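# Tertiary structure, described
Chain by chain, the residues run as shown.
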Amino acid sequence: MAALGWLTPRRRSATARSVLAGEASAEAARKTALADDPAAIGFSLDSVDPQDTVAPQDTEAAQEAEAAAAPEPVEPAFPVAGDELAAAFFDLDNTVMQGAAIFHFGRGLYKREFFRRRELARFAWQQAWFRLAGVEDPEHMQDARDTALSIVKGHRVSELMSIGEEIYDEYMAERIWPGTRALAQAHLDAGQKVWLVTAAPVETATIIARRLGLTGALGTVAESVDGIYTGRLVGEPLHGPAKAEAVRALAAAEGLDLAHCAAYSDSHNDIPMLSLVGHPYAINPDTKLRKHARAHDWRLRDYRTGRKAVKVGVPAAAGVGAIAGGAAAAIALHRRRK
């Protein structure tokens, strides 16, 4: 995306950068959304636990009988079929897919020798710092993002898209949560659009959305000129408040009513996005989101096995900076297994 005039991150307030990132992501998402009807592409639910799916509309008599027997009022059918003002927004990492997309993407790039040993050492330090500190210092995160963006600088967008297709097959296809996938399909079956919303690069997110038969994806937008990455971002990574801004911008462009929409995430960082919609869901939630969801009577779903509090994958630094730690952790894991 040629947008050199927009890229002044150090001169913009955090709010302005979030709005810019959100608007850029919404614009990119609409341009790359699938032309085909996603409901027609769909995916098979043969392997999905029926308990994970949304039940069809019950008859009036059945609803009355169930209400009489149940200790609490029966929830109305959701999603509502034919509601043209509704859409669903799904976080990607640990919500739709086990682990972080950028982690797996980093593995694929290292395998294809996009990294040098010097960069790998720096990436390992950056991820170690984030894991130990547990906070996102702005200067440190800016350094991490700049380092990660230098990997793709000078490469063609089409090249990364082609590689992304291969990486999806190698590392991501078998990591999709069946339960969350069924939730997304329920929205598609109801005639609603379904969007991924992630800090991962919009190109990577779009590939995943296409493979799952979803409408499209909102993701971090890296600047490109004449189809070549410049090594800069448009705004900032689509993380936290920026996700909410992207959803708000896309809803306005699509003529949606956010009170009719649903959003799904595992992370407390996405509370701004979840709070925008009328139907927020906590999926495989972290401790802070679980507490917040219970306090606000949000619906919860947990598709993990074993200890529910265990986080699947690695903690990902915000946005494109996660390439660094994800790739380093992946290589270390690979070497230990040899």
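Provided above is the structure to which this section pertains.
For the structure given in this document, a descriptive report is provided here. Per chain, residues are indexed from 1 in the order of the written sequence. With the structure being a predicted model, the display of local features is reserved for residues of pLDDT at least 70 and the display and counting of side-chain atom pairs for 80 or more, all residues being used for whole-chain, interface and lining totals. The basis for the side-chain values is all heavy atoms of the structure; hydrogens and waters are excluded.

When you go through the chain residue by residue, the secondary structure sums to 13 helices and eight strands. Note on contacts: a residue pair qualifies if any of its non-hydrogen atoms lie within 4.5 Å across the two residues. Considering only contacts in the chain between residues 6 or more positions apart, those separated by 24 or more positions represent 69%. Computed by Shrake-Rupley with a 1.4 Å probe, the accessible areas treat only the displayed protein chains as cover when residues are assessed. In the form shown here, the chain has an accessible surface area of approximately 16200 Å², with 51% of it arising from carbon and sulfur atoms. Going along the chain from the N terminus, every DSSP run of H or I of four or more residues is numbered as a helix, and every run of E of two or more is numbered as a strand.

Moving on to the pairing of strand 7 (residues 279–283). Whether a residue is buried, partly exposed or exposed follows from its accessible area with a 1.4 Å probe, protein chains only, as a fraction of its type maximum: under 20%, in between, or over 50%, in that order. Among the five residues of strand 7, four are classified as buried, and the element is accordingly described as predominantly covered. DSSP calls a pair of strands paired once it identifies at least 2 bridges connecting them. Strand direction decides the pairing type here: strand 6 (residues 262–265) and strand 7, joined by four bridges, are parallel. The partner of Ala-262 across the bridge, within strand 7, is His-279. One ladder, built from three bridges, connects strand 7 with strand 8 (residues 299–301); its direction is parallel. Residue pairing for strand 8: Ala-282 is matched across the bridge by Leu-300. Read as a crossover between parallel neighbours, the route from strand 7 over helix 12 (residues 287–295) to strand 8 is right-handed. Viewed with both strands pointing away, a crossover whose connecting path from the first strand over the helix to the second turns clockwise is right-handed.

So, on to the side chain of Ser-267. Among the secondary structure elements, Ser-267 is positioned in the loop between strand 6 and helix 11 (271–274). A residue is classified by how much of its surface remains accessible, and Ser-267, at 11% relative accessible area, is buried. For Ser-267, the side chain forms a polar contact with the main-chain nitrogen of Asn-269, separated by 3.0 Å. The contact partners of Ser-267, leaving out residues within four places of it in the chain, are Asp-286 and Leu-289. Whenever two N or O atoms come within 3.5 Å, that pair is a polar contact, provided that in protein one can donate a hydrogen and the other can accept it, and provided that, for residues adjacent in sequence, both atoms are side-chain atoms.

What follows concerns the sheet that holds strand 8. Ordered by their spatial adjacency, six strands build an open sheet running 3-2-1-6-7-8, and the pairing between neighbours is parallel. Two strands in the sheet have a free side with no partner beyond their single neighbour: strand 3 (216–220) and strand 8. Ignoring strand direction, the axes of neighbouring strands in this sheet form an average angle of 20°. Strand direction decides the pairing type here: strand 2 (residues 193–201) and strand 3, joined by four bridges, are parallel. In the strand pairing of strand 3, Leu-196 is matched with Ala-217. Here the axes come from fitting lines to C-alpha atoms, over the contacting stretch only for helices, and the angles between their N-to-C directions go from 0 to 180 degrees. Its contacts with the sheet put helix 8 (residues 178–189) on strand 1 (87–91), strand 2, strand 6 and strand 7, and the angle it makes with strand 1 is roughly 160°. Relative to strand 2, helix 10 (residues 241–254) is tilted by about 145°, and along the sheet it contacts strand 1, strand 2 and strand 3.

Take the packing of aromatic side chains next. Between the rings of Phe, Tyr and Trp (Trp by its six-membered ring), a pair exists once the centres lie within 6.5 Å; its type follows the angle of the planes, with under 30 degrees stacked, over 60 edge-to-face, and the other angles tilted. One pass over the structure, following the stated rule, counts three aromatic pairs. An angle of 20° between the planes, with centres 6.4 Å apart, marks the rings of Phe-78 and Tyr-281 as stacked. Separated by 203 residues along the polypeptide, Phe-78 in the loop between helix 3 (60–69) and strand 1 and Tyr-281 in strand 7 bring together distant segments of the chain. An identical accessibility class is assigned to Phe-78 and Tyr-281; each is buried. Ring geometry for Phe-90 versus Tyr-264: centroids 4.1 Å apart, planes at 5°, classification stacked. Here the residue Phe-90 occupies a position in strand 1, and Tyr-264 occupies one in strand 6, the gap between them amounting to 174 residues. We classify Phe-90 as buried; its relative accessible area is 1%. The class for Tyr-264 is buried, based on a relative accessible area of 1%.

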